[in-house]
Amino acid sequence: MVEVTPREKHVRHDWYVGFGFGAGVGLDTVPGSGRAVGGGGGGFLHAGGRIRDSLAIGARLFSSSARDLGSSGAMIEALFFPLAKRDKGLRISGGLGPGVVYALSQQAAPPGERTTAPALSLAGEIGYDLWVLRRFNVGFDLWTIGALSGRGRLATIGLGLSFNWY
């Protein structure tokens, strides 16, 4: 007699890869110029491996901008799936790593001053992945990216889309 086990409808690999982007509001603080609030945006590429059904660790390349400043860099990230046992797509992620902050306007880079500076970057995200194919997901995300440096501080928060293969 042959035992037949049903195939799972949705499967997460031992690896993941994806990208995302979004728009929202940015706040930057430039020494000598004060604070500025305006439109902001960002995007990322990420890849990594699954540690458990509910936890994956990987790397993230990112770029974000606000009114006068932009930032980009690389992070170590962790993705947590609190409802993985129920086959639900809730995702909470965070990252930390080195980056660079750069000037996007003349106000942020007066003549004769450096236009870039090293930064410490932080990211956080909460999203919900919808299964489109057996291993492909489209996610709706609320995200934030921050960067701290001698050039200034930058924080963006927004809504976005992500496309992931788990």
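Our structure is the block above this text.
On a predicted model such as this, the values are computed, not experimentally measured, just so you know. (Residues numbered from 1 in each chain as written. Predicted model: local features only at pLDDT ≥ 70, side-chain atom pairs only at ≥ 80, totals over all residues. Heavy atoms only, no water.)

S.K.: Where do I start with the packing of aromatic side chains in this structure?
M.R.: For any two aromatic rings, the description comes down to two numbers: the centre-to-centre distance and the angle of the planes. Tallied over the full model, the rule gives 5 aromatic pairs. Between tyrosine 16 and tyrosine 166 the ring centres are 6.4 Å apart and the planes differ by 50°, which places this aromatic pair in the tilted class. Residue tyrosine 16 is located in strand 1 (residues 15-30), and its partner tyrosine 166 is located in the segment after strand 8 (153-165); the two are separated by 150 residues in the primary sequence. Residue tyrosine 16 is classed as buried on the basis of its relative accessible area of 3%. Judged by relative accessible area, tyrosine 166 falls into the buried class, the value being 3%. A ring pair is formed by phenylalanine 136 and tryptophan 165, whose centres lie 4.8 Å apart and whose planes are at 40°; its orientation type is tilted. Highlighted residues: phenylalanine 136 in strand 7 (residues 136-149) and tryptophan 165 in strand 8, separated in sequence by 29 residues. Given the relative accessible area of 35%, tryptophan 165 is considered partly exposed. An aromatic cluster is built from Tyr16, Phe81 and Tyr166, whose rings are joined through pairwise contacts. We note arginine 60 situated over the ring of phenylalanine 44; from NZ or CZ to the ring centre the distance is 4.0 Å. (Phe/Tyr/Trp six-rings, centres within 6.5 Å; stacked < 30°, edge-to-face > 60°. Helix = DSSP H or I, 4+ residues; strand = E, 2+ residues; numbered from the N terminus. Buried < 20%, exposed > 50% of the residue type's maximum accessible area, 1.4 Å probe, protein only. Lys NZ or Arg CZ within 6 Å of the ring centre and 35° of its normal.)

S.K.: Could you clarify how one ought to interpret the environment of glycine 152 in this entry?
M.R.: As for its position among the elements, glycine 152 is in the loop between strand 7 and strand 8. Distance in space between the C-alpha atoms of glycine 152 and valine 30 is 4.6 Å, their sequence separation being 122 residues. Not counting residues within four places of it along the chain, the set of residues in contact with glycine 152 comprises Thr29, Pro31, Leu69 and Ala147. (Contact = heavy atoms within 4.5 Å.)

S.K.: What is the right way to read the environment of tryptophan 165 from this model?
M.R.: Remark: the alpha-carbon pair of tryptophan 165 and valine 138, spanning 27 residues in sequence, is separated by 9.1 Å. Leaving out residues up to four positions away in the same chain, tryptophan 165 has contacts with Trp15, Tyr16, Val17, Gly18, Phe19, Arg135 and Phe136.

Geometric descriptors of this kind do not, in isolation, establish any biological role.
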